[in-house]
Amino acid sequence: MADPIESLRSLASSGALASGATLDRTTKTLAIGGADSSAAESHDATTKYDLVLPGGKTLSYPLGALYLLLIQKPSDSYVTYRSSCKKLGVEAVKVTEKKDVVAYFFGSAEAAAAAAAAMAAPPPAAAAALPSDSAATANAAFAAQPTEFAAHPASSAAPSDHGGGAGGADEDDGEYGWGDD
């Protein structure tokens, strides 16, 4: 049986991760080896594997958590990733170690960034519809927002009676205005 970590590294570096591995959340198994399920090797997604980083630091995480991190889209939040791990019943990669783990599988931080950009790139037709300077457009829209807000129509400046009594602000409602000390 092939080492699942090395298989994931190979798939990640070649850009074939999405088609080369499949996670079954019901059986908690990760099938690695392509779209043909008969050729794929199944591995327990809850089994922890050690990753030895270039600096000698060793991290240990479940196979399913590593896979979920690698297929995560750049637009997905860390909270979404943690939720996916929780549903699978595995410990998530710590946010402080996420960058190192992704670099481990994609070969380098630059390769990881390039892979993430490729996954996030819109299709050519959609790219043509985007404004040429979306940051400037977003900044202009933000600058156009009003800086002062009107009071809610139902609000009033009159004091309210929190004590439940018939009196208003002149009634002795105690130290906090709730009456019945």
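Being a predicted model, the structure only gives us computed values, none of them experimental.

### Some points on the overall build of the chain
(1) Moving on: Helix and strand counts for the chain stand at eight helices and five strands.
(2) Moving on: From first element to last, N terminus to C terminus, the chain shows the α and β order α-α-β-β-β-β-β-α-α-α-α-α-α.
(3) Moving on: Looking at the 181 residues of the chain, the share that counts as buried comes to 26%.
(4) Moving on: Contacts spanning at least 24 positions in sequence make up 44% of the contacts within the chain whose residues lie at least 6 apart.
(5) Moving on: Accessible surface for the chain amounts to roughly 11800 Å². Of this, 56% is attributable to carbon and sulfur atoms.

### Some thoughts on the nonpolar core
(1) Moving on: Core analysis: the biggest nonpolar cluster contains 33 residues, and Leu 8, Leu 30, Leu 66, Tyr 81, Val 101 and Phe 105 have the highest contact counts within it.
(2) Moving on: Sorting the residues of this core by element identifies helix H1 (4-14), strand E1 (21-24), strand E2 (29-32), strand E5 (58-62), helix H3 (63-71), helix H4 (78-88) and helix H5 (98-106) as the ones contributing at least two each.
(3) Moving on: Per element, the largest residue contribution to this core is seven residues, and it comes from H3.
(4) Moving on: Not counting chain neighbours up to four residues away, the residues in contact with Tyr 81 comprise Ala 65, Leu 68, Leu 69, Gln 72, Ala 92 and Val 93.

### Observations regarding the packing of aromatic side chains
(1) Moving on: The tally for this structure, following the rule as stated, stands at two aromatic pairs.
(2) Moving on: On the basis of an interplanar angle of 45 degrees and a centroid distance of 5.7 Å, the ring pair of Tyr 78 and Tyr 81 is categorised as tilted. Of this pair, Tyr 78 and Tyr 81 both sit in helix H4, separated by three residues, roughly a single helical turn.
(3) Moving on: Take Tyr 81: its relative accessible area is 3%, and that puts it in the buried class.
(4) Moving on: Ring geometry for Tyr 104 and Phe 105: centres 5.2 Å apart, planes at 80 degrees, overall edge-to-face. The same class applies to Tyr 104 as to Phe 105, namely buried.
(5) Moving on: Sitting over the ring of Tyr 104, Arg 9 keeps its end group 4.0 Å from the ring centre.

### A look at the environment of Thr 26
(1) Moving on: Positionally, Thr 26 belongs in the loop between E1 and E2.
(2) Moving on: For Thr 26, a relative accessible area of 74% translates into the label exposed.
(3) Moving on: The sequence separation of Thr 26 and Leu 88 amounts to 62 residues, and the corresponding C-alpha distance is 8.3 Å.

### A look at H1
(1) Moving on: Of all the positions in H1, only Pro 4, Ile 5, Ser 7, Leu 8, Leu 11 and Ala 12 are classed as buried. The arc enclosing the buried residues of H1, seen along the axis, measures out at 160 degrees, which places them on a common side. Opposite the buried face of H1, at more than 90 degrees from it, the exposed residues are Ser 13 and Ser 14.
(2) Moving on: The first or second residue beyond H1 is Gly 15, which carries a positive phi of 80 degrees.

### Overview of unusual backbone geometry
(1) Moving on: Backbone geometry places Lys 28, a non-glycine residue, at a positive phi of 55 degrees.
(2) Moving on: Its place among the elements puts Lys 28 in the loop between E1 and E2.

### Looking at the pairing of strand E4 (residues 48-52)
(1) Moving on: The pairing of E4 with E5 spans five bridges and is classified as antiparallel. The residue of E5 that forms the bridge with Val 52 is Thr 58.
(2) Moving on: Taking the residues that link successive antiparallel strands as the turn, the E4-E5 hairpin has five residues, and the phi of Gly 56 there is positive, at about 95 degrees.

About the thresholds
Residues numbered from 1 in each chain as written. Predicted model: local features only at pLDDT ≥ 70, side-chain atom pairs only at ≥ 80, totals over all residues. Heavy atoms only, no water. Helix = DSSP H or I, 4+ residues; strand = E, 2+ residues; numbered from the N terminus. Buried < 20%, exposed > 50% of the residue type's maximum accessible area, 1.4 Å probe, protein only. Contact = heavy atoms within 4.5 Å. Areas by Shrake-Rupley, 256 points an atom, 1.4 Å probe, with all protein chains shown as cover. Core = buried A, V, L, I, M, F, W, Y, C linked by side-chain atoms within 4.5 Å. Phe/Tyr/Trp six-rings, centres within 6.5 Å; stacked < 30°, edge-to-face > 60°. Lys NZ or Arg CZ within 6 Å of the ring centre and 35° of its normal. Arc of directions from axis to C-beta. Pairing = 2+ DSSP bridges.

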